[in-house]
Amino acid sequence: MSRTIAVADIGGTHARFALAEIDAGRVLKLHDPVTLKTAEYASFQTAWQDFATQGGGGDLPRELGMAFAGPVGGELLKLTNNPWVIRPALMSEKLGVERHVIVNDFGAVAHAVAELGEHDFIHLWGPDTALPAHGITTVVGPGTGLGVAALLRRDGNAEVIETEGGHIDFAPLDGLEDRILVHLRKSFRRVSVERLTCGSGLVNIHTALAAIEGQPVIPRDDKALWAAALDGSDSLAAAALDRFCLILGAVAGDLALAHGANAVVIAGGLGLRLRDHLPRSGFETRFVAKGRFERRMEAMPVKLITHPQPGLLGAAAAFAKAYP
């Protein structure tokens, strides 16, 4: 018999909540989400209470599936890009939750990939075939940070491998990227790929290019810079976006090789915003350019997930699998 659970997708910028119907280890329905800005709430508990109010003021389910933007496990969970902390041992006391499952945010996206059908993906490159029923699919995507997970399908089963692959070292591939790295080292002790392939990564690349070319940097927030880059109204911002896509392609290819993957899914809060730009960018060239492994890279289908709430769906799927 189906039952209703609560689900949450907690990121560095937004906290999303919803109710979900599950049965026999599957997600039957995801209800309309409530999206809150994490900066406007002191803690997860206060955001949870607001969700209860916005959801009609009734009691929330006593089962919770959560996607969390940071490492999970241990007594204290800290968001990578936000000051919130969550203590799983206090879930029952603070939230009235009897059972919960917490997965890494991109682990949740990988759970969603396993749950979704082909109509929930856009084909980008490689063979225009369904995601393989056997082997590893690398799931990677830029948002507030750079999320990375692996989905292992074998013998009709799907297992999610959560990773912090977005924090591997950035490796320049040409002279300009050498100079970008030198510039970023002035601000960061260690330059990870996330520093260049997330929402603020465009700002970092843009600032570096301005310094390299001796141009003044016009102060503006991330949102304004992304808008100018995508509509082409600012030539330097557009150049930064081109470089962003090149680097993202190289990183996605490296991760696929490291995972031994036979397919790649692009996700993340910026994934859908880039759906029209990625096919026209240098992403594919960098993704494939892996020396002796170019043929393997060319044989990988690369797809973009289009489901509007993969984190919430994946959190529900993870809970349904743990407590069918």
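Please read all numbers here as calculations on a predicted model, not as lab measurements. (Residues numbered from 1 in each chain as written. Predicted model: local features only at pLDDT ≥ 70, side-chain atom pairs only at ≥ 80, totals over all residues. Heavy atoms only, no water.)

1. So, the sheet that holds strand E10 (residues 135-142)
Pairing in this open sheet of six strands is mixed, and the strands run E9-E14-E13-E10-E11-E12 from one edge to the other. Unpaired on one side and paired on the other, strand E9 (121-125) and strand E12 (157-162) mark the two borders of the sheet. Across the sheet, the mean angle separating the axes of adjacent strands is 25° when strand polarity is ignored. Across four bridges, E9 lies against strand E14 (residues 302-305) in antiparallel orientation. (Pairing = 2+ DSSP bridges. Helix = DSSP H or I, 4+ residues; strand = E, 2+ residues; numbered from the N terminus. Axes fitted to C-alpha atoms, helices over the stretch in contact; angles between N-to-C directions.)

2. A few points about helix H7 (residues 235-259)
In this model H7 runs 36 Å from its N-terminal to its C-terminal C-alpha over 25 residues, within 8% of the 36 Å that 1.5 Å per residue would give. Of all 25 residues in H7, 19 are buried, a share of seventy percent or more. The residue sitting at the N-terminus of H7 and contributing the capping side-chain oxygen is Asp234; that oxygen lies 2.9 Å from the backbone nitrogen of Leu236. Once H7 finishes, Gly260 follows within two positions and takes phi at roughly 70°, a positive value. (Expected span 1.5 Å × (residues − 1). Buried < 20%, exposed > 50% of the residue type's maximum accessible area, 1.4 Å probe, protein only. Polar contact = N/O pair within 3.5 Å; in protein donor to acceptor, adjacent residues only side chain to side chain.)

3. Considerations on the nonpolar core
Grouped together as the largest cluster of nonpolar side chains are 50 residues, with contacts concentrated most on Phe244, Ile266 and Phe287. The element best represented in this core is H7, accounting for 12 residues. If we skip the residues at most four places from it in the chain, Phe287 touches Gly249, Ala250, Ala252, Gly253, Val264, Met297, Met300 and Val302. Counting 33 residues, the second largest nonpolar core, distinct from the first, contains Ile5, Ala18, Ala317 and Ala318. (Core = buried A, V, L, I, M, F, W, Y, C linked by side-chain atoms within 4.5 Å. Contact = heavy atoms within 4.5 Å.)

Function cannot be inferred from these measures alone, as they are strictly geometric.
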